[in-house]
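If you want the building blocks of each chain, they are given just below.
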Amino acid sequence: PDELGRALAQPWTVAVEALGPHRLTVRSVVEVKEGDTLLEHLDDTTTLDVAGADSYHGTYDNSADYGREVVFLAGALYQRPRYARWHQRGPETDAEPATIRDQLASTLGDYYALLARGVELSAKPATQEAGRAATPITLALASRPRAAAPATVTQRAWRDDATVTAVTGDVVLDQATGIALRAHVQGTIAFVRAGKPLTMTVEVEQAVTPG
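Read on for an overview of the structure.

Parameters and conventions
Residues numbered from 1 in each chain as written. Predicted model: local features only at pLDDT ≥ 70, side-chain atom pairs only at ≥ 80, totals over all residues. Heavy atoms only, no water. Buried < 20%, exposed > 50% of the residue type's maximum accessible area, 1.4 Å probe, protein only. Helix = DSSP H or I, 4+ residues; strand = E, 2+ residues; numbered from the N terminus. Salt bridge = Lys/Arg side-chain N within 4 Å of Asp/Glu carboxyl O. Core = buried A, V, L, I, M, F, W, Y, C linked by side-chain atoms within 4.5 Å. Contact = heavy atoms within 4.5 Å. 1 Å grid on protein atoms, 1.4 Å probe; cavity = no way out; pocket = protein on both sides within 12 Å on 5 of 7 lines; lining within 4 Å. Points joined across faces, edges and corners; volume = space filled by probe spheres on them. Nonpolar A, V, L, I, M, F, W, Y, C, P; charged D, E, K, R; others polar. Pairing = 2+ DSSP bridges.

### Quick notes on helix H4 (residues 107-115)
Turning to step 1, where the next piece is worked out: When you tally the buried positions in H4, you get 7 out of 9 residues, the bulk of the element.
Turning to step 2, where the next piece is worked out: Taken residue by residue, H4 has Thr107, Leu108, Gly109, Tyr111, Tyr112, Leu114 and Leu115 as its buried positions.

### Remarks on the pattern of salt bridges
Turning to step 1, where the next piece is worked out: Summed over the entire model, instances satisfying the criterion amount to 11 salt bridges.
Turning to step 2, where the next piece is worked out: In this structure, Asp61 engages Arg82 in a salt bridge whose closest nitrogen and oxygen atoms are separated by 3.0 Å. You can see Asp61 sitting in strand S3 (residues 55-62) and its partner Arg82 sitting in the loop between strand S5 (76-81) and strand S6 (87-89), a full 21 residues away along the chain.
Turning to step 3, where the next piece is worked out: Arg89 is the partner of Glu96 in a salt bridge, and the nearest nitrogen-oxygen pair spans 2.6 Å.
Turning to step 4, where the next piece is worked out: With relative accessibility at 26%, the residue Arg89 sits in the partly exposed group.
Turning to step 5, where the next piece is worked out: Because the salt bridges share partners, they merge into one network encompassing Asp61, Asp65 and Arg82.

### Brief notes about the nonpolar core
Turning to step 1, where the next piece is worked out: Among the nonpolar cores identified, the biggest contains 48 residues, and Trp12, Leu139 and Val171 are the most heavily contacted of them.
Turning to step 2, where the next piece is worked out: Element by element, the count of residues in this core is highest for strand S11 (residues 180-193), at 6 residues.
Turning to step 3, where the next piece is worked out: Leave out the neighbours within four places in its chain, and Trp12 touches His22, Leu24, Leu48, Asp102, Ala105, Ile179, Ala180, Gln206 and Val208.

### As for the layout of surface pockets
Turning to step 1, where the next piece is worked out: Looking at the second largest pocket, its volume works out to about 310 Å³.
Turning to step 2, where the next piece is worked out: Residue lining of the second largest pocket: 13 residues in total, with Val30, Tyr111, Leu114, Arg159 and Met200 positioned closest to the centre.
Turning to step 3, where the next piece is worked out: Secondary-structure elements contributing two or more residues to the lining of the second largest pocket are strand S1 (22-34), strand S2 (37-52) and H4.
Turning to step 4, where the next piece is worked out: The residue makeup of the lining of the second largest pocket, split by class, is 7 nonpolar, 1 polar and 5 charged.

### Here's the deal with the pairing of strand S9 (residues 132-141)
Turning to step 1, where the next piece is worked out: Two strands pair when backbone bridges link them, and strand S7 (residues 119-123) and S9 are joined in this way by 5 bridges, in the antiparallel orientation. Bridge pairing in S9 links Ser122 to Thr138.
Turning to step 2, where the next piece is worked out: The pairing of strand S8 (residues 127-129) with S9 spans 3 bridges and is classified as antiparallel. Paired with Thr127 across the two strands is Ala134, which belongs to S9.

Here it is as structure tokens:
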């Protein structure tokens, strides 16, 4: 499980260098409940069209009425928040365009990190995915959860005592790089906030399509 976490946390730059032109699509849903009462709901969609190491078009939209669109082309960044106008500028650093691209592609790794302590894995026979040799991996709830490293920032301190109560899904890893060519992961986490017991359910789907 920890090695899978490291694979999914790789910057998408690894995929760009290995795959060439491609489209990445990521969809996720997160809900927080107190008993049967829904307190929070957020679903989002990210689409990243990569033409090469120096060119991409990314969009992000969510149900909280927030979104952004980014184009990197010919050394310039073109950006706009949802409902706003485009603005163009040069990158503030050489690494900024790749950093923005990697952030857009980070959803699967971030949500898997929430579930990793309660995951048990089993590998299936090698297959082909997106025209590449791949290994499918099935996720299930572990019979015995593992300890997780304490949170390093206050905003994530709630994770220290959280319990993973359900996990299911599949991840298809590229054999050459370890990136997820396809994935569908679901899980439930029990935690306490402001003295109240809550549950969080997460679901994320990811697919890569050759360009």
